[in-house]
Amino acid sequence: MPDFDHNRRQLLKASTVAVGGVAVAAQLAAPAEAAPAAAPAASTTPATMNVRLKVNGIEHQLQVDPRTTLLDALRDRLHLTGSKKGCDQGQCGACTVLIDGRRSTSCLTLAVMQEGHEITTIEGLGTPTNLHPLQRAFIKHDGYQCGFCTPGQICSAVGMLDEMRAGAPSHVTADLNAPPQASDMELRERMSGNICRCGAYSNIQEAIAEVAGIASPATAGGARR
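These lines cover the structure that appears in this document, whether it is placed above or below. On a predicted model such as this, the values are computed, not experimentally measured, just so you know.

**Focus: the overall build of the protein**
Helix and strand counts for the protein stand at six helices and five strands. Sequence-ordered secondary structure for the protein, helices as α and strands as β, is α-β-β-α-β-β-β-α-α-α-α. Expressed as a percentage of the 225 residues in the protein, the buried residues total 33%. When contacts within the protein are restricted to residue pairs at least 6 apart in sequence, long-range pairs at least 24 apart make up 52% of them. Accessible surface, the protein as shown: approximately 13,700 Å² in total, 56% of it carbon and sulfur.

In structure tokens:
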């Protein structure tokens with residue numbers, strides 16, 4: 001009786017050798033191909049851009065990485081450290097500055113985007129001998145504790161009061177067809193994007209209310225808190 005299992009193994013071995021031989025022959029017959037050129041090494045130095053920033057009335061020419069935020073350019077390149085880096089996500093308001101008179105979180109805009117715009121930081125609002133009215137009010141009403149959020153609070157309040165004078169409504173403005181009226185609720189709503197981790201909100205509210213020309217509930221009747 002024929003040994004079918006043995007013959008099967010022999011057939012598989014022969015087929016494997018034949019296929020392997022064909023593959024080797026084809027490889028030897030193929031023309032030699034040039035080795036692929038090595039990819040150029042990636043540059044480790046990021047490209048930079050020239051940007052001219054006008055900050056507090058002074059023009060500065062900077063060479064920056066295009067990914068540099070306005071906040072980092074102000075703090076690290078121009079050494080204007082009044083604007084604070086809090087959350088670095090636009091949620092706390094500590095880095096608020098004024099751009100063309102409008103309040104903006106400087107951590108969420110790139111420095112190269114602000115060429116040709118007027119940038120005002122807390123350092124440009126007043127001087128120790130000539131304070132801005134809001135700076136004086138914050139000192140008078142103790143509108144700070146650790147002071148970390150104070151520059152952003154003051155810059156935001158300056159922009160906020162200008163928004164009200166221009167007639168811009170808020171989420172709590174009752175009549176959208178009439179100029180917004182300064183009120184305790186209006187001020188609180190409009191300043192809600194600036195967070196104070198110390199919780200000095202009542203003092204901040206009193207300072208802003210005084211400059212806005214309204215009587216805060218905390219000071220109504222001459223009493224504070």
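**A few points about the state of the cysteines**
Throughout the structure, instances matching the rule amount to zero disulfides. For Cys 149, which is in no disulfide, the shortest distance to another cysteine sulfur is to Cys 196 and amounts to 4.0 Å. Overall, the relative accessible area of 10% leaves Cys 149 in the buried class. Here Cys 198 is not cross-linked by a disulfide; its sulfur's nearest cysteine counterpart is in Cys 146, at 3.6 Å. With relative accessibility at 30%, the residue Cys 198 sits in the partly exposed group.

**Thoughts on the environment of Gln 153**
Along the chain, the position of Gln 153 falls in helix H4 (residues 150-165). Sequence separation between Gln 153 and Cys 92 is 61 residues; the distance between their C-alpha atoms is 9.9 Å. Ignoring anything within four residues of it in the chain, the contact list for Gln 153 reads Phe 138, Met 191, Asn 194, Ile 195, Cys 196 and Ile 204.

Reading guide: rules and limits
Residues numbered from 1 in each chain as written. Predicted model: local features only at pLDDT ≥ 70, side-chain atom pairs only at ≥ 80, totals over all residues. Heavy atoms only, no water. Helix = DSSP H or I, 4+ residues; strand = E, 2+ residues; numbered from the N terminus. Buried < 20%, exposed > 50% of the residue type's maximum accessible area, 1.4 Å probe, protein only. Contact = heavy atoms within 4.5 Å. Areas by Shrake-Rupley, 256 points an atom, 1.4 Å probe, with all protein chains shown as cover. Disulfide = S-S within 2.5 Å.

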